[in-house]
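Notes for the structure review
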Amino acid sequence: MTTPTRPLTTAAGGPLIRDLQAALPEGRVIIDADVAHSLSRDQAAGAPAGEPAAIVRARSTDEVRRVVEVCLRHRIPVVPRGAGTGLSGGANAIDGCVVLSLEAMSQILEINPLERLAVVQPGVVNDDLRAAVAEHGLWYPPDPASSPWSTLGGNVATNAGGVCCVKYGVTREYVLELEVVTGSAEVVRIGHRTAKGVAGYDLVSLLVGSEGTLGVVTEITVRLRTLPGAPITVAGFFPSLVAAGTAVRAVGAAGITPSALELMDRFCMRAVDEWKQMGLTAAGEILLLARIDDPEPTGTALAEAIVEHFRASGASWAERSTDPDEAEALFAARRLAYPALERLGPVITEDVCVPKDHVPEMLARIEALAAQHGVQIANIAHAGDGNLHPLIIGPPDDDAVLWRRINAAFDDILDAALSLGGTITGEHGVGLLKRGGLVHELSPTVMGLHRAIKAALDPAGILNPGKIFE
């Protein structure tokens, strides 16, 4: 017997649903409440989510255009969504909206080895693209920790970075051209495939990181690089966060740019050990992992220099790995830190970025704020470029007092980053969680410029409203 579906209360079989169903192929419009609930929020603990009027699973640019056209006619918000791996609430539904899922638009349309570019739909998974271009000896560098699941559309929406960004940069550096459905339901192409191009404003850079508030991306052309050779990994264990931060500063001051420089504290290592039994916590309090992919003999010389900087900064142990499998296991442990912590309770994820010179001070302030507010804060970081991810562990139940302390700690971490010349978000976006912090980072005049751009590209205000701006 088929289990009956439970319709969304906000759908109510009204004219919006009828118009969407008339405009789209059968099966694209979903009003089942259980399905809608699973597609109405991202991974941001503590971010509110409403009940949409419908979910639409689009399969083409024209279907996206039709959805926006119908919603524009009804003045209904459109919330674009990829795989839902975001950590700021940027893909969360608001009451009565249409959640526009782009996951089914998952084709790699072109790989061009001569021009070193690929053309993909927004639902292509990051790691799937990397695997496909590797067959041509090519590489797509941006690699967020969610790369096995996150999609290129979501990566573009948040200007995602990842482990390799310290040397190779973030998503914005790799997006050449975009196809976009605007808030007025027009399909436009912006950017260029050529090596050079300065005709007009750089609208691609404007759209990258705009979190679906300026347009719905339906096709992405990305720049590729030559696949690097086998990397050399350096591991170091430190007695404190400040000592590890000092090592990060020392490596940067020496002019060394590793392809990765990652930090993980004892709380994260213990969570990974309890889940995967990797034996990390037996070695030290704080783990720093550096990766060098420069050709020989430069690569080995840089790796040895990093070892010396680790030791001089107070590492209890630091060595260059000679076992590729062991090195890969250490980086795998770093990627497992977030899901391992999620097993303990809700994880409220920070994403601040500070100048490398201030990494030790910022780590010290995070420790002090954890003690001040009586909350547990674990730490992982893309430490090489100052992008820190303090992870506040929330209660498994609805403890209102603890949640107030968590929110206070969250806000104070943002303020601490700004006071050190940093930013409230390095790669996760503003979404819902950091709207208050944005007004502390940007002046009223600059906020006005943002709102003017939003009004120009989305005059009806239907594209992901309520995100970024309060």
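Residues numbered from 1 in each chain as written. Predicted model: local features only at pLDDT ≥ 70, side-chain atom pairs only at ≥ 80, totals over all residues. Heavy atoms only, no water.

Remarks on the domain arrangement of the protein chain
Considered domain by domain, the protein chain is made up of domain 1 (12-101), domain 2 (108-226) and domain 3 (232-420). Each of domain 2 and domain 3 has a C-alpha centre, and these two points are 28 Å apart. With 11 residues of domain 2 at the interface, the matching set in domain 3 holds 13 residues. Here domain 2 packs against domain 3, burying approximately 1,000 Å² in sum over the two surfaces, 55% of which is carbon and sulfur. Among the residues domain 2 hides against domain 3, the three largest losses belong to Val-163, Val-166 and Lys-167. Together they make up 59% of the total. Between domain 2 and domain 3 we count 3 salt bridges in total. Our count for the contact surface shared by domain 2 and domain 3 stands at 5 residue pairs in polar contact (both at pLDDT 80 or more). Residues that form the side of domain 2 that touches domain 3 fall into these classes: 7 nonpolar, 2 polar and 2 charged. (Domains from an automatic or database assignment. Contact = heavy atoms within 4.5 Å. Buried area = accessible area lost by both parts, 1.4 Å probe. Salt bridge = Lys/Arg side-chain N within 4 Å of Asp/Glu carboxyl O. Polar contact = N/O pair within 3.5 Å; in protein donor to acceptor, adjacent residues only side chain to side chain. Nonpolar A, V, L, I, M, F, W, Y, C, P; charged D, E, K, R; others polar.)

Description of the packing of aromatic side chains
Centre distance and the angle of the planes are the two values used to describe a pair of aromatic rings. Overall, the coordinates contain 4 aromatic pairs when judged by the stated rule. A centroid spacing of 5.5 Å and a plane angle of 70° characterise the contact between Phe-238 and Phe-310, whose relative ring orientation is edge-to-face. Of the two residues, Phe-238 sits in strand 12 (residues 232-238) while Phe-310 sits in helix 10 (residues 298-312), which places them 72 residues apart along the sequence. Residue classification places Phe-238 among the buried residues on the basis of a relative accessible area of 1%. Cation over ring: Lys-276 sits above Trp-275, and NZ or CZ is 4.5 Å from the ring centre. When the ring centre of Phe-331 is taken as reference, the NZ or CZ atom of Arg-291 above it lies at 3.8 Å. (Phe/Tyr/Trp six-rings, centres within 6.5 Å; stacked < 30°, edge-to-face > 60°. Helix = DSSP H or I, 4+ residues; strand = E, 2+ residues; numbered from the N terminus. Buried < 20%, exposed > 50% of the residue type's maximum accessible area, 1.4 Å probe, protein only. Lys NZ or Arg CZ within 6 Å of the ring centre and 35° of its normal.)

Quick notes on the pairing of strand 4 (residues 98-101)
Here strand 4 shows two buried faces, one formed by Val-98 and Leu-100 and the other by Val-99 and Ser-101. Strand direction decides the pairing type here: strand 2 (residues 54-57) and strand 4, joined by 4 bridges, are parallel. Each residue of the ladder has a partner; that of Ala-54, found in strand 4, is Val-98. Bridge analysis of strand 3 (residues 78-81) against strand 4 gives 4 bridges, and the strand direction is parallel. In the strand pairing of strand 4, Arg-81 is matched with Ser-101. (Pairing = 2+ DSSP bridges.)

What about the UniProt feature "domain: FAD-binding PCMH-type" (unreviewed entry) in the protein chain?
In this structure's numbering, the residues bearing the UniProt feature "domain: FAD-binding PCMH-type" (unreviewed entry) are residues 48-227. The annotated region residues 48-227 carries 22% helix and 25% strand content, and the separation between its end C-alpha atoms amounts to 41 Å. (UniProt positions renumbered as here; feature names shortened; annotations may be inferred.)

Re the pattern of salt bridges
Inspection of the entire model under this criterion finds 23 salt bridges. Residue Glu-63 is joined to Arg-28 by a salt bridge in which the shortest nitrogen-to-oxygen separation is 2.8 Å. Remark: Arg-28 occurs in the loop between helix 1 (15-23) and strand 1 (29-30) and Glu-63 occurs in helix 3 (residues 61-74); sequence separation between them is 35 residues. Glu-63 gets classed as buried once you look at its relative accessible area, which sits at 7%. Judged by its relative accessible area of 16%, Arg-28 falls in the buried class. Across the pair Glu-110 and Arg-193 runs a salt bridge whose closest N-O atoms are separated by 3.0 Å. Here Glu-110, found in strand 5 (residues 108-112), pairs with Arg-193, found in the loop between strand 9 (187-191) and helix 7 (203-207); they are 83 residues apart in sequence, far enough to count as distant. The exposure class of Arg-193 is partly exposed, given its relative accessible area of 33%. Three or more residues joined by partner-sharing salt bridges are found here, namely Asp-62, Arg-65, Arg-66 and Glu-69.

Things to note about the side chain of Asp-143
As for its position among the elements, Asp-143 is in the loop between strand 7 (138-139) and helix 5 (152-158). Apart from the residues within four sequence positions on either side, Asp-143 is in contact with Asn-126, Arg-130, Gly-161, Gly-162, Val-163, Cys-164 and Arg-335.

A few points about the sheet that holds strand 5
One open sheet accounts for 5 strands, arranged 5-6-10-8-9; its pairing is antiparallel. Sheet topology places strand 5 and strand 9 at the edges, where each strand pairs with a single neighbour. Averaged over all pairs of adjacent strands, the angle between their axes in this sheet comes to 15°, without regard to strand direction. Examined bridge by bridge, strand 5 and strand 6 (residues 117-120) share 4 bridges and lie antiparallel to one another. The residue bridging Ile-108 from the neighbouring strand is Val-120, located in strand 6. Of the strands in this sheet, strand 8 (175-181), strand 9 and strand 10 (216-223) are in contact with helix 3, which crosses strand 8 at around 50°. Most of the contacts of helix 4 (residues 126-134) go to strand 5, to which it runs at about 40°, and overall it touches strand 5, strand 6 and strand 10. (Axes fitted to C-alpha atoms, helices over the stretch in contact; angles between N-to-C directions.)

Section: the pairing of strand 18 (residues 377-382)
Of all 6 residues that make up strand 18, 6 are buried, and the element is covered over most of its length. Side chains Ile-377, Asn-379 and Ala-381 project from strand 18 onto one buried face, and the interleaved Ala-378, Ile-380 and His-382 project onto a second face that is buried too. Here strand 13 (residues 260-265) pairs with strand 18 via 2 bridges, running antiparallel. Bridge pairing in strand 18 links Met-264 to Ile-380. In terms of strand pairing, strand 18 meets strand 19 (residues 387-393) through 6 bridges, oriented antiparallel. Bridged to Ile-380 within strand 19 is His-389. Counted along the chain from strand 18 to the antiparallel partner strand 19, the turn is 4 residues long, and its residue Gly-386 has a positive phi close to 75°.

Some details on the sheet that holds strand 1
Across the sheet, which stays open at both edges, the 4 strands sit in the order 1-2-4-3 with mixed pairing between neighbours. Where the open sheet ends on each side, the last strands, each with one partner, are strand 1 and strand 3. The sheet strands contacting helix 1 are strand 1, strand 2 and strand 4, and the helix crosses strand 2 at an angle near 10°.

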